[in-house]
Each structure stands twice: as structure tokens, then as C-alpha cells.
Amino acid sequence: MSIAAPEPKANMGQPVPRYDAVPKVTGQAAYAADVPLFNPAYAYLVTSSIAKGRIDHFDLTEAKAVSGVIDVFTYENAERLKDIELFSKGGYASTTIQPLKSAEVEHDGEIVAVVVADSIEAAAEAAHRVKVDYALSAVTPTASFDSPGTTSARAQGQSALFNEDPSVGDFAAAFDQAEVKLTASYETPTQHHNPMELFATSCVWHGDRLTIYEPSQYVYGLKNGVAAQLGIGADKVRVINAYVGGAFGSKGSVTPRTAIIASIARKLDRPVKLVATRDQGFTIATYRAETRHDIQIGATADGKLTALRHEGTEISSRADPYVVGGTKTTTRIYACPNVASLVTIVRADRNTPGFMRSPPEVPYMFALESAMDELAVKLKMDPIELRRINDTAKEPIGGKPYTSRSLMACFDEGAKAFGWSERSPEPRSMSDGDWRIGYGCATTCYPTQMGPAAARVHLQRDGHARVEIAGHELGTGAYTVIAQAAAERLAIPFENVSVAIGDSDLPPAPVAGGSNSTASTCSTVMMVCDRIRQRLFKALMPNESSETVGRAQSNQGVDLERAFDALGVNAIEEFGEWKPDDAPKDSFEAMYKGHVRLVGGPGLKDRMAYAFGAEFVEVRVNRRTGEIRAPRLLGAFACGRIMNPRTARSQLMGGLIWGMSSALLEATELDARYARYVNDNLADYLLPVNADAPSVEVILLSEEDHQIDPAGAKGLGELGNVGTNAAVCNAIHHATGKRIRKLPVRIENLLA
Ligand code: MOS
């Protein structure tokens, strides 16, 4: 065991090394753009340099003169694709803005032309020679909240993702009468996922069949969505990606590029390969939109919350009402009898935003957990004690109990390991030479979500098994935990299990989003493996009652040779479909059509399904220069059954680092005059390096939850980076006495 492979505690699996470790570290793992194609043509995108207006005229003479250019596609000659609905409205699409459809330009960086050539160099050269004349809109594009010309409306009901503004009791009266009151506003910036693997797509036709090699978090969604756009049957489309080089939500829905490339490949009767550039990724896919929050909290003098109001405002595009709506979480996390909330969407001339790691909780918990710290300061109370006083086994809006909730256990273990007791509570009271020291903490939580899935398991007489399920390996450890789940249930060694995922020809699994993958895929695979065991035991015990067989099945090892002799075969296969409690009636049908039917979090009928954690940050702020460092990040997490402490730790560690980064570094800067992203590259879009996170500690608590899902696992992929941004700001307040309510925190915020 090592730090990277923590000793498993009760209810944890073994920290086996990753199933895909060797192919990855030896460079054998083939990502979408690595898959060799026969005689491909190369596509290169041309994107708009205006945010609002019309294309007046293309001059393609110079572009077409570049040696090796095959053709240039614009709205004037591209195939008309069929419209598909937005993902968050129950469809497939990341945006309903479909480029190459008309002369209209709806956001900066929209695809306006695609150059195809015999080499990527020729395509790039020609793309830079495409001349586009625009007729600017008479109306100036609107960039963000304070731009003139935006429109806004209540979010509720505009998106399938957000159908309530939770409230209970009488907030106004309770706040009015509260002994202690806090009113504060918070702001989070635009951010982009920037996964290492770029937005690549290769399309190959074999007759009327299309194969797409593209990094995707949802191969069934991509297959069905692109088929609908092309007007062909979904059975004619296959999506393959054995590995995805990071996604974080950006590869969960169908972006416009895929069907465009597929239609060009069909027209040219030749494979076409696209690797969009880093800067194009900022506008041809999705991002985390900026948010604003107004929080009001009323409390008794001894710290009990009596009133809470959370109003959130989010940016979306003119075309689409994308919303994250984190009030569904923030109104339910602490005991409070009087709660009000409201979420508003503001429309601007931007590309449509979308899912980005922990979409609702990262911005909304920043506001709530900053406010809780401010309240603790007002009450002269330890911030952990404030959370303890308001801890609850039932959410306050509907009174539903949490299936399990180890929040305070996380705070206690985290505080001990962090050395919280050495913190002197007064701001500006701890220092080391020129460095002011601050300790901050915050709650993290993330809904446990699950979706219907199907799997096929093949077991051979020699004790080798193959598991097939169209899950997704985003770098999270999906192969590994699926293989572990099968090995456990079949009682065979991990090394004997081979796993096939990332292929839409396999049985369907949900989108690898909302941290549902482990719960959904492992629950399904375990169920199918159990059916295999059942068949083996029935064959071995033909004359016993099903009760006796069932007992043996759950308690005994199986002699495979004898069982297969009894069956008279050398291999058996089982296929099965699983769906979580409360899943809608059309779940299985929808699953094959690439529609997501996730349930969980606050959405279950009679219970609340959440994972929890406590996060601690030490900051050091230089008293002369204002430089901010975060020498220590620590998180203690409880997530039900931990399938693999090594891959779990890795997810949570990455989350902590990203959470810190989202407080101190990351922001996409907007030029409000042109509604344009300015720092659309990895040099100017600040990201942490090793030296920015010298110490990151992850503590995994034992937790058992028998109500959550058959695997007993809560999602943890997105848990780590929730709350960290608040913990950083709370630590900065402790160090400096300055409360920063707008992210990211910059040196200049601390010099004034
Ligand atoms: Mo995650 S933003 O649900 O991929």
C-alpha cells in the first residue's frame, strides 16, 4: 500500500492498479484521433469573428488555390441537417445553434466554413485563407450580465434540468424576526473545461453505415443524435472510443461538428478526420457560464438557521435556456424551517453553456458555503460548529431523509488530520514571516445519481470472463471498477476479466455524467453476474429447492469445471437490464434511444441520495505583494461503498485541485464589446501546476448505505471540487480579514 493506493477500510474494494494502466503509460491506448483510417481527408474549421450579424460574402479563391484542397463547405453548399432538441430538454444536442445552415451568425467562434484537404497542413493553410465579409447586426452583441440588451426570465420550467424553485415556510417573516442576519452577493466566472484531448471527430462510411470515432461521454446519445441529424436509422451508426482524454461534461451531448463531418464524409465518399484546435474548443462546445448569487440567512444567536434565501442568476445563449439551478441542493443541505429561492436565466449572444464538472454545486455551494462562513464570523462561532448545529438527517423542503449522511464525521476526521484545533479564530492572527496564514473549510456534497443500463457477461469454463457495457473511460477508472465488480460477483481473479466499453454496439449505459457511472454500471454488471452464478448453481443442484440454491449461491464458491460439465457447455452468457428505483416507466426504451433517465439526489420519491465531504484549505497570503498560495488541501469524504480506494482517491484529489484552481486561477475573460472570449488558450487560461498544489490529502471514510443502489456506491467524480472554492475564500478571510465574494481571487483584490 502507498499514499496512492490507500489501505481499504470497511466496505471498500481493493486498490488494484488501473485496468488500462499499461496501455496508457506505454502509449498504446488509441484515442479517437489516433485510430488509423484508410486514405482520410482532413477537415479544418473556420469560425466566425463576429458574435452577431450575417455572412455577407465568402471569397474562397485563395483557399481553393492551396494545393491539396478538396472542397470548402459553407452554408451555401453544405447539406441541410435535421434539427435536434437540446440535451437538457430531453434531446441530444449541446446547442440548437446549427452552423452552416444560414448566413446568420449567433455567437463569436461559430463554425462558418469547413475546409477539407488531403493533408491537415493544406486544410489549415486554406482555412486561414478563407475570407468572410460580415454584415454586422445593427444591434451590438451582448456579452454578459451587465450588457445592455439581455433578456431574462425565471428558469423554472424552461429546462428539464430545473423544474422547481424550492421553498418552505415563510422566509420573509422569519428573516425579519431573525436575531442575526446576513445578506451577501457572490459571483463566479465563465470557465472552460479544456480536457487534454481536443474535440476530434473521424467519420467513416461503409456503404450506408457510419462509424464515428469521437471522444464522447455518451456513445448512445451521440449515435442516436447524429443519426437523427442525418436522417438515417440509428442502427446504421456506430460510435467508438475506447478511451476519452478528459471530458468533464464537455463531451456529454452532441455538438454540431459531428454531423457536419459525417455529411462531408458521405458526400466525398472518403473518411474525414477533424481535430478542432484548442481555441475553437472554447466556442464549438460548451462551458460553465458565469453566475451571480444573492444570499440571505437569518439565525438565532446560538447559530440555528431560521431563514434562508438563495437567488441565483445564470447566463445562457439566445437560442437555448441552459440552466444548472443549484438551489435544488443549497436549499436542502442544512436544517432550516423557512426557505425561499429563485433562479433566473439571462440570455446573451453567446454559445450555449453546458455541463461542467459538478455544474450546479460548484457555483451554488460557493455562495452558500461562503455565506455560512460569514455567518460563523458574525456569530463568533467555529465554522465547523455552525455546520454541526444545522446538520440534519432530513432535508427541510419535503422532509425526506438522507439515505446516509456522514457530513459531521467527515468534518471531525478532516479537522483532526488538518490540525484545525491549532487555528486561532481571529482573522489576521496567524503568520509566518511575510506570510499571513489562513485556515478555511467548507462542506461539499453531490447528489448520487443512477440511470438504467444493460450489460452482457460471458463466462468460460477456464474462469475467464468478458463484460460488455457501453460505459465510458474518461480517465476515471471505469474499466477498473467494472472489472472489479465482475470479478467479485463471479469469484474469479481481477486479471481474468476483460471489459469492453466505449462502443455503441455494446449494451447501453447512461451518459458518463452526473457522477452516475459507477453506481449504474456496477449495479448492472453485478446483477448480470449474479444471474450467471444462479445458472451455475442451479446446474450443480438440480434437485434442490430454489431457496437452497439461492443460499448456496450467496455463500459458496463454485466449482466451474463441475458446473460447466453439468450444463454441458464451455461458456455461458447472460444479458440483463437494470434500472434504479423511481426510474420512469419508459427508462429501458429511452436508454436504447440515447435518452438519459437519471434519478437520484433530491429527486427520489421518499429519500435523499447525496455523498458528503468536508474540505480544508491552508492559504498563505504575502503581506507585501498579496501573492496567494495554497500549500495544503485536505478533504475527508464519505461516498458509500468505495469500489477502489486508488481510483477514488485520484478522482477526489483531482477535484480538490480543480476546486482550488476555480477559486484562484481559472476564468475565461470576456471582451464585452464583442462578446468574445479573450484567453482561449492554455497559456492565458490559468491552470494549476504541481507547484500550486504541493500537498493534497484525501481521507476516505467508511460508510455503508443499503438504500442507495445495489452496488452501494455513491458517485464521487464530481464531489471533490465542490466547496473548495469557498474553503479557499474562507481561508483568505481568516488570513487577511478580507472577504472576497467574486471569483477568481486576484492579487489586486487583496492589495486595496
Ligand atoms: Mo459531468 S459535468 O456531469 O460530466
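Residues numbered from 1 in each chain as written. Predicted model: local features only at pLDDT ≥ 70, side-chain atom pairs only at ≥ 80, totals over all residues. Heavy atoms only, no water.

Draft legend 1. Focus on the pattern of salt bridges. Under the counting rule described, the total for this entry stands at 54 salt bridges. Across the pair D108 and R676 runs a salt bridge, and its minimum N-O distance is 3.3 Å. Of this pair, D108 sits in the loop between β4 (104–105) and β5 (111–117) while R676 is found in strand β27 (residues 676–677), placing the two residues 568 residues apart along the sequence. A relative accessible area of 10% places D108 in the buried class. Residue classification places R676 among the partly exposed residues on the basis of a relative accessible area of 29%. (Salt bridge = Lys/Arg side-chain N within 4 Å of Asp/Glu carboxyl O. Helix = DSSP H or I, 4+ residues; strand = E, 2+ residues; numbered from the N terminus. Buried < 20%, exposed > 50% of the residue type's maximum accessible area, 1.4 Å probe, protein only.)

Draft legend 2. Geometry of the nonpolar core. Judged by nonpolar contacts, the single largest core of 88 residues is most densely connected at I297, F616, L664 and I732. Not counting residues up to four positions away in its chain, the partners in contact with L664 are I628, A630, V728, I732, P744, V745 and R746. Counting residues in each nonpolar core, the second largest holds 44 residues, with Y220, V237, A276 and A470 among its members. (Core = buried A, V, L, I, M, F, W, Y, C linked by side-chain atoms within 4.5 Å. Contact = heavy atoms within 4.5 Å.)

Draft legend 3. Inspection of the environment of V254 at higher detail. Looking at where V254 falls in the secondary structure, it is placed in the loop between β11 (237–240) and α6 (257–268). A residue is classified by how much of its surface remains accessible, and V254, at 4% relative accessible area, is buried. Separated by 167 residues in the primary sequence, V254 and F87 place their C-alpha atoms 8.0 Å from one another. Non-local contacts of V254, meaning those with residues more than four positions away in its chain, are made with I84, Y92, A93, S94, G221, L222, G225, V226 and Q229.

Draft legend 4. Structural detail: the side chain of T188. Within the secondary structure, T188 is located in strand β8 (residues 180–188). The exposure class assigned to T188 is buried, which follows from its relative accessible area of 6%. Among the polar contacts listed, one links the side chain of T188 to the side chain of T291, at a separation of 2.4 Å. Apart from residues no more than four positions distant in its own chain, T188 is found in contact with E290, T291, P363, F366 and L743. (Polar contact = N/O pair within 3.5 Å; in protein donor to acceptor, adjacent residues only side chain to side chain.)

Draft legend 5. Structural detail: the side chain of T344. Among the structural elements, T344 can be located in strand β15 (residues 339–348). Filtering out sequence-adjacent residues up to four positions away, T344 remains in contact with S152, A153, R154, A155, G312, T313 and E314.

Draft legend 6. Quick peek at the domain arrangement of the protein chain. Partitioning the protein chain into structural domains gives domain 1 (1–30 + 402–448 + 609–752) and domain 2 (451–594). A straight line from the C-alpha centre of domain 1 to that of domain 2 covers 34 Å. The interface is formed by 22 residues belonging to domain 1 together with 24 residues belonging to domain 2. Counting the surface lost from both domain 1 and domain 2, the interface buries some 1700 Å², and carbon and sulfur atoms represent 56% of this. At the junction of domain 1 and domain 2, the tally comes to 1 salt bridge. At the junction of domain 1 and domain 2, the tally comes to 9 residue pairs in polar contact (both at pLDDT 80 or more). When contributions to the side of domain 1 that touches domain 2 are tallied by element, the ones reaching two or more residues are β17 (435–447) and α17 (645–664). Residue classes in the side of domain 1 that touches domain 2 are distributed as 10 nonpolar, 6 polar and 6 charged. (Domains from an automatic or database assignment. Buried area = accessible area lost by both parts, 1.4 Å probe. Nonpolar A, V, L, I, M, F, W, Y, C, P; charged D, E, K, R; others polar.)

Draft legend 7. Representation of the pairing of strand β3 (residues 69–73) in the model. Taking burial as the measure, the 5 residues of β3 include 4 buried ones, the bulk of the element. One ladder, built from 4 bridges, connects β3 with β5; its direction is antiparallel. Across the sheet, residue V69 finds its bridge partner in β5, namely A117. (Pairing = 2+ DSSP bridges.)

Draft legend 8. View of unusual backbone geometry. P744 follows L743 through a cis peptide bond whose omega is -10°. By the secondary structure assignment, P744 is in the loop between α18 (724–736) and α19 (747–751). Its identity is not glycine, yet N194 carries a phi of approximately 50°, on the positive side. Tracing the chain through its elements places N194 in the loop between β8 and β9 (200–206). The residue S358 is not glycine, and still its phi comes out positive at about 55°. When you line up the elements, S358 lands in the loop between β15 and α9 (361–379).

Draft legend 9. Geometry of α6. Over its 12 residues, α6 extends 17 Å from the first C-alpha to the last, a length consistent with the 16 Å expected when each residue adds 1.5 Å. Across the 12 residues that make up α6, a large majority, 9, are buried. By the burial criterion, the buried members of α6 are R257, T258, A259, I260, I261, A262, S263, I264 and A265. D269 lies just past α6 and shows a positive phi near 55°. (Expected span 1.5 Å × (residues − 1).)

Draft legend 10. Main features of the sheet that holds strand β21 (residues 497–500). The strand order across the open sheet formed by 4 strands is β21-β20-β19-β22, and the pairing between neighbours is mixed. Since the sheet does not close on itself, it has two edges, and those belong to β21 and β22 (571–578), each with one partner. Across the sheet, the mean angle from the axis of one strand to that of its neighbour is 15°, orientation sign disregarded. Across 8 bridges, the pairing between strand β19 (residues 453–460) and β22 is antiparallel. Along β22, the bridge assignment pairs A455 with G576. (Axes fitted to C-alpha atoms, helices over the stretch in contact; angles between N-to-C directions.)

Draft legend 11. Examining the sheet that holds strand β16 (residues 431–432) more closely. Sheet architecture is open: 5 strands sit in the order β16-β17-β24-β25-β28, paired in mixed fashion. Every other strand in the sheet has two partners, leaving β16 and β28 (696–700) as the edge strands with one partner each. Bridge count between β17 and strand β24 (residues 610–622): 13 bridges; the pairing is antiparallel. Residue G440 lies in a different strand from β24, and its bridge partner there is V617. Relative to the sheet, helix α11 (residues 407–418) contacts β17, β24, β25 (628–638) and β28, its axis offset from that of β24 by approximately 30°.

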